[in-house]
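Structural features, examined
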Amino acid sequence: MKKKLLFVMNNLTCGGAEKALISLLETIDYSAYEVDLFLMKHQGLFMNKIPEQVHLLPEPPEYSYYDMSFKKAVLDCIKRGKWDVALYRLLAGTIFKREKDPILCEQKVWKYIGRSLQAVEKPYDIAIGYLEKNPIYFCIDKVNARKKIGFIHCNYDMMGMDPQLDEPYFAKLDYLVTVSEECANILKARFPAIKHKIEIMYNIVSPAAINKLAEEPTGWDDETIRLVSVGRLNHHKGFELAVESCNQLVRHGYPVKWYVIGEGEERAKLERMIEEYGLHDAFTLLGIKDNPYPFMKEADIYVQPSRNEGKSIAIDEAKILHKPIVVTNFTTVKDQITDKQNGLIVDMNAQSVFEGIKALIDDEKLRDRLSMNLSREKLGTEAEIDKLYQLFT
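Residues numbered from 1 in each chain as written. Predicted model: local features only at pLDDT ≥ 70, side-chain atom pairs only at ≥ 80, totals over all residues. Heavy atoms only, no water.

Turning next to the sheet that holds strand β3 (residues 55–56). The parallel open sheet is built from seven strands, whose spatial order is β3-β2-β1-β4-β5-β6-β7. Edge positions in the open sheet fall to β3 and β7 (198–200), since each of these has one partner strand only. Sheet topology places strand β2 (residues 33–39) next to β3; two bridges connect them, and they run parallel. Looking at β3, one finds that D36 is bridged to H55. Strand contacts of helix α1 (residues 16–27): β1 (3–9) and β2, with the helix running at about 165° to β1, the strand carrying the most contacts. (Pairing = 2+ DSSP bridges. Helix = DSSP H or I, 4+ residues; strand = E, 2+ residues; numbered from the N terminus. Contact = heavy atoms within 4.5 Å. Axes fitted to C-alpha atoms, helices over the stretch in contact; angles between N-to-C directions.)

Here it is as structure tokens:
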């Protein structure tokens, strides 16, 4: 008999964890597992990537009240006779107003969101909250399953979450899975009582699939030096460092074009910086791309100027495409890059990013050596699915 699995996620917007979930779902053995997917919101670039074998559960209608204005949400609740949900939305509003840190706000407001949502009726063998905060909380509070597994895709300390809010939830998990050695060490130090439950499973990436998708044309035909970065436009990804570095490259006479694939809350800020530096012809925010791999393949250099990563899927993908890489020295970087062997690790400031890129532009032999070293690495991680299967037993 097939084991029944439930994956819980916020949505399928264009992010590393969302992409990792799709890769995982594409790899599961459906002859052995029956898979359901619960999304708080049915939205995101990857909605059309859900494998046909996966059963998508209905979207919880009450969740949308927490994205509405207070007045609209409460009036709609009263109209529909949902007096309890109206009360919870009222109480949640006090947290939205008082807590300005979005990470802590999401943690704190769950107690009211959770009370608003219906439990999943179907019982499961294994339930998996595939992201920190709401998916794990929902998995614990609203799902009946023999085993429960949570995933953390980030450096827990760098994200600024409150361990006291997470501790009672983590204690109820059978396993807490994270994506790198450094992330695991941080969790073990922060939650010593459950360190025996903490496991590592690397994100699943398939070289065959990436190389096939990378064959699509980009339409680029200029003779400039192409720099590409991929990531959500937020503070953690450090793209303002990229704009500042690009400005220095242009001022030093390098004919560069820097393309950033991704979307996020810092777009307006980055657009203002591009305007201030006069970089309209040199720095382009491409937005979300359904298939970023042709752009990555056409890059001369891949740059990741992040402040914080768990284990960057984009870096793994650039490695698979054998791109010379410049990456900032965030805490988990050495899980993926060895300095001057398969990439350059630079300090986390615009000057250092500029100097790293300049070094690769000026030294063709260095670029070739990094690419050659990457071509010799075994980079596919499809076998990581076996680690998850072991947790199911």
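Now that the structure has been shown, we can carry on.
Looking at helix α2 (residues 70–79), one finds that the buried residues are A73, V74, D76 and C77. In a view along the axis of α2, the buried residues occupy a sector of 165°, so they form one face of it. Away from its buried face, by an angle of more than 90 degrees, α2 presents the exposed residues K71, K72, L75 and K79. Against the buried residues of α2 lie α3 (83–98). (Buried < 20%, exposed > 50% of the residue type's maximum accessible area, 1.4 Å probe, protein only. Arc of directions from axis to C-beta.)

Let's shift gears to the packing of aromatic side chains. Scanning all chains against the criterion turns up 15 aromatic pairs. Ring geometry for W220 versus Y259: centroids 4.2 Å apart, planes at 20°, classification stacked. Of this pair, W220 sits in the loop between α9 (207–213) and β8 (225–230) while Y259 is found in strand β9 (residues 256–261), placing the two residues 39 residues apart along the sequence. A relative accessible area of 16% means that W220 is categorised as buried. With centroids separated by 5.2 Å and ring planes inclined at 65°, the aromatic side chains of W220 and F295 adopt a geometry described as edge-to-face. Of this pair, W220 sits in the loop between α9 and β8 while F295 sits in helix α12 (residues 293–297), and the two are 75 residues apart along the sequence. An aromatic cluster is present here, built from F38, W110, Y137, F138 and Y169 joined pairwise through their rings. Positioned above the aromatic ring of Y202 is the side chain of K311, whose terminal nitrogen or guanidinium carbon lies 5.1 Å from the ring centre. (Phe/Tyr/Trp six-rings, centres within 6.5 Å; stacked < 30°, edge-to-face > 60°. Lys NZ or Arg CZ within 6 Å of the ring centre and 35° of its normal.)

A regular strand places its side chains so that they alternate between the two faces of the sheet. Along strand β10 (residues 283–287), the buried face is formed by F283, L285 and G287; none of T284 and L286, which line the opposite face, is buried. Sheet analysis places β9 next to β10, joined by four bridges and oriented parallel. The residue of β10 that forms the bridge with W258 is F283. Read from β9 through helix α11 (residues 267–277) to β10, the crossover connection turns out right-handed. (Right-handed = clockwise from strand over helix to strand, strands pointing away.)

Here the focus is the side chain of K311. For K311, the position within the fold is in the loop between β11 (301–304) and α13 (313–320). The class for K311 is buried, based on a relative accessible area of 11%. If we skip the residues at most four places from it in the chain, K311 touches H153, V179, S180, Y202, N203, D316, D335 and Q336.

The next thing to look at is the sheet that holds strand β12 (residues 325–328). Ordered in space as β10-β9-β8-β11-β12-β13, the six strands form an open sheet in which the pairing is parallel. Since the sheet does not close on itself, it has two edges, and those belong to β10 and β13 (344–346), each with one partner. Neighbour to neighbour, the strand axes of the sheet diverge by 25° on average, direction disregarded. With six bridges connecting them, β8 and β9 associate as parallel partners. Its bridge partner being in β9, R226 is matched across the sheet by K257.

It is worth spelling out the state of the cysteines at this point. Tallied over the full model, the rule gives zero disulfides. Its sulfur unpaired, C139 is 17 Å from the next cysteine sulfur, which belongs to C154. When its relative accessible area of 0% is taken as the criterion, C139 is described as buried. (Disulfide = S-S within 2.5 Å.)

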